[in-house]
Amino acid sequence: QVQVVESGGGLVQAGDSLRLSCVVSGHTFSNSALGWFRRAPGKEREFLVATRMSGDSTYYADSVKGRFTISRDNAKNTGYLQINSLKPEDTAVYYCAVGLPTLALIRSSRGYQNWGQGTQVTVSS
């Protein structure tokens, strides 16, 4: 059974940085993709960034390029999302997901079969 567990959220000030972690167990990690999404209050879930676990392919949403960075440590079955220069509008629940999306679905929640419970990020002004 695949388990996905996020951590690293919290209450921060505008301008701070955070690194979220995503530990995946029970999965062939190197053959899948790991994606980060978020859901802000009253909004739809939003794709942020994804990476193939093998190779260097990374896919960013235009809205987060430059401030968000995805990385991974395959040996630890862990993915990371570094967020810099946090803004109040970054307040959301951040989700990690793992799956085998096609290229057409790598930016879609429909491409991912296994989801974490989410970690809350709150940015105060």
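As a starting point, this report considers the structure included with it.

### Notes on the overall build of the chain
Then comes step 1: Across its full length, the chain carries 0 helices and 11 strands.
Then comes step 2: Along the chain, from the amino end to the carboxyl end, the secondary structure elements read β-β-β-β-β-β-β-β-β-β-β.
Then comes step 3: Rg of the C-alpha trace for the chain: 13 Å, near the compact-globule value of 14 Å for 125 residues, within the 12% margin.
Then comes step 4: Overall, the C-alpha framework of the chain stretches about 40 × 25 × 25 Å when taken along its three principal axes.
Then comes step 5: When each of the 125 residues of the chain is scored for burial, the buried share is 45%.
Then comes step 6: Looking at the chain alone, contacts between residues at least 24 apart form 57% of all its contacts between residues at least 6 apart.
Then comes step 7: When the accessible surface of the chain is split by element, carbon and sulfur atoms take 46% of a total near 6300 Å².
Then comes step 8: Averaged over its 13 positive side-chain charges, the chain has a centre that lies 4 Å from the centre of its 9 negative ones.

### A look at the environment of Leu 100
Then comes step 1: Position of Leu 100 relative to the elements: it lies in the loop between strand E9 (92-99) and strand E10 (114-115).
Then comes step 2: Exposure remark for Leu 100: the relative accessible area of 55% places this residue in the exposed category.
Then comes step 3: With 18 residues separating them in the primary sequence, Leu 100 and Gln 82 have C-alpha atoms 23 Å apart.

### Some details on the pattern of salt bridges
Then comes step 1: Inspection of every chain in the model, using the stated rule, returns 4 salt bridges.
Then comes step 2: Residue Asp 90 is joined to Arg 38 by a salt bridge in which the shortest nitrogen-to-oxygen separation is 2.9 Å. Here Asp 90 is found in the loop between strand E8 (78-83) and E9, whereas its partner Arg 38 is found in strand E4 (residues 33-39), with 52 residues between them in sequence. Taken individually, Asp 90 and Arg 38 each receive the classification buried, so the pair is uniform in this respect.

### Some thoughts on unusual backbone geometry
Then comes step 1: The phi torsion at Asn 77 lies on the positive side, around 50°, for a residue other than glycine.
Then comes step 2: A positive phi angle is found at Ser 85, which is not glycine, with a value near 50°.
Then comes step 3: Along the chain, Ser 85 turns up in the loop between E8 and E9.

### Focus on the nonpolar core
Then comes step 1: Leu 34, Trp 36, Leu 48, Leu 81 and Tyr 94 are the most contacted members of the largest nonpolar core, which totals 33 residues.
Then comes step 2: Elements that contribute at least two residues to this core include exactly strand E3 (18-25), E4, strand E5 (46-52), strand E7 (68-73), E8, E9 and strand E11 (119-124).
Then comes step 3: Broken down by element, the residue count for this core peaks at 5 residues, all from E9.
Then comes step 4: If near-sequence neighbours (up to four positions away) are discounted, Tyr 94 is found in contact with Glu 6, Leu 20, Phe 37, Arg 38, Leu 48, Phe 68, Leu 81, Ile 83, Gly 118, Thr 119 and Val 121.

### Let's talk about the packing of aromatic side chains
Then comes step 1: Within this structure, the stated rule accounts for 4 aromatic pairs.
Then comes step 2: Look at Tyr 112 and Trp 115: their rings are 6.4 Å apart centre to centre, the planes differ by 75°, and that puts the pair in the edge-to-face class.
Then comes step 3: Note on Tyr 112: relative accessible area 4%, which makes it buried.
Then comes step 4: By relative accessible area, Trp 115 is classed as partly exposed at 25%.
Then comes step 5: Feature note: the residues Phe 37, Phe 47, Tyr 112 and Trp 115 constitute an aromatic cluster, connected by ring pairs.
Then comes step 6: One cation-aromatic arrangement involves Arg 19 over Tyr 80; the distance from NZ or CZ to the ring centre is 4.1 Å.
Then comes step 7: It is Arg 45 that lies over the ring of Trp 115; its NZ or CZ is 4.2 Å from the centre.

About the thresholds
Residues numbered from 1 in each chain as written. Predicted model: local features only at pLDDT ≥ 70, side-chain atom pairs only at ≥ 80, totals over all residues. Heavy atoms only, no water. Helix = DSSP H or I, 4+ residues; strand = E, 2+ residues; numbered from the N terminus. Rg over C-alpha atoms; globule rule 2.2 N^0.38 Å. Buried < 20%, exposed > 50% of the residue type's maximum accessible area, 1.4 Å probe, protein only. Contact = heavy atoms within 4.5 Å. Areas by Shrake-Rupley, 256 points an atom, 1.4 Å probe, with all protein chains shown as cover. Lys, Arg positive; Asp, Glu negative; His and termini not counted. Charge placed at Lys NZ, Arg CZ, Asp CG, Glu CD. Salt bridge = Lys/Arg side-chain N within 4 Å of Asp/Glu carboxyl O. Core = buried A, V, L, I, M, F, W, Y, C linked by side-chain atoms within 4.5 Å. Phe/Tyr/Trp six-rings, centres within 6.5 Å; stacked < 30°, edge-to-face > 60°. Lys NZ or Arg CZ within 6 Å of the ring centre and 35° of its normal.

Any functional reading would require information beyond the geometric quantities listed.
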